Amino acid sequence: ARFVRQREADRSAVAEDYVELIADLLREEGEARAVDLARRMGVSQATVTVTVGRLQRDGLVDTKPYRGLFLTEKGQALAETARRRHDLVVRFLLAIGLDAETAEADAEGIEHHVSDKALAAFARFLAAQERPR
């Protein structure tokens, strides 16, 4: 069961990374193209094509001929959840003393595999740190 959960977490991590990057590209550049995803993720365009196909089947991404990639409502919601989780993990890692570069790098792995209980504990810790004493 542990291995099944790990494989599912890995698949979810890929989907979250893709929708988060698509959202970033749309916000920053006004469009998200497969070539941009491949370049930023360091993978081949063939890998992007296969993954985007899976994201389309899962109802997260739409494509339009000659216009690139777009997030569905479901995809946008997943991107926002992934971004909030990433930001929370980064803030937590910074609060416990990591430098910004390490916190960002480590958050990329942690954010996909941390439990909701741990995220809630991170949020409580940060809230306690922010309270005036």
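Residues numbered from 1 in each chain as written. Predicted model: local features only at pLDDT ≥ 70, side-chain atom pairs only at ≥ 80, totals over all residues. Heavy atoms only, no water.

Caption draft 1: Up close: the environment of Val-14. For Val-14, the position within the fold is in helix H1 (residues 2–29). Overall, the relative accessible area of 31% leaves Val-14 in the partly exposed class. Remark: the alpha-carbon pair of Val-14 and Thr-51, spanning 37 residues in sequence, is separated by 8.3 Å. Aside from chain neighbours lying at most four places away, what touches Val-14 is Thr-51 and Arg-54. (Helix = DSSP H or I, 4+ residues; strand = E, 2+ residues; numbered from the N terminus. Buried < 20%, exposed > 50% of the residue type's maximum accessible area, 1.4 Å probe, protein only. Contact = heavy atoms within 4.5 Å.)

Caption draft 2: Quick look at the nonpolar core. Membership of the largest hydrophobic core comes to 18 residues, with the highest contact counts inside it found for Ile-22, Leu-37, Val-61, Leu-69 and Leu-71. Here this core takes seven residues from H1, the largest share from any one element. Not counting residues up to four positions away in its chain, the partners in contact with Leu-71 are Val-19, Ile-22, Ala-23, Leu-26, Leu-60, Val-61, Gln-76 and Ala-79. Among the nonpolar cores identified, the runner-up in size contains 11 residues, and Val-89, Val-90, Phe-92 and Leu-93 belong to it. (Core = buried A, V, L, I, M, F, W, Y, C linked by side-chain atoms within 4.5 Å.)

Caption draft 3: Examining the environment of Leu-88 more closely. Structurally, Leu-88 can be placed in helix H4 (residues 73–95). When its relative accessible area of 15% is taken as the criterion, Leu-88 is described as buried. Distance from Leu-88 to Glu-101, taken between C-alpha atoms, is 15 Å for residues 13 residues apart in sequence. With residues near it in sequence (within four places) discarded, Leu-88 still touches Leu-119, Phe-122, Ala-123 and Leu-126.

Caption draft 4: Summary view of the packing of helix H2 (residues 34–41) against helix H3 (residues 45–57). Following both chains from N to C, one finds H2 and H3 inclined at 115 degrees, their axes separated by 9 Å at the closest point. Looking at the two axes, H2 sits roughly perpendicular to H3. For the element pair H2 and H3, the recorded crossing hand is right-handed. Across from Ala-34, Val-35, Leu-37 and Ala-38 in H2, the residues of H3 making contact are Gln-45, Val-48 and Val-52. For the contact of H2 with H3, the residue count by class is six nonpolar, one polar and no charged. (Axes fitted to C-alpha atoms, helices over the stretch in contact; angles between N-to-C directions. Parallel < 35°, antiparallel > 145°, perpendicular 65-115°, else oblique. Left-handed = near helix turned anticlockwise from the far one by under 90°. Nonpolar A, V, L, I, M, F, W, Y, C, P; charged D, E, K, R; others polar.)

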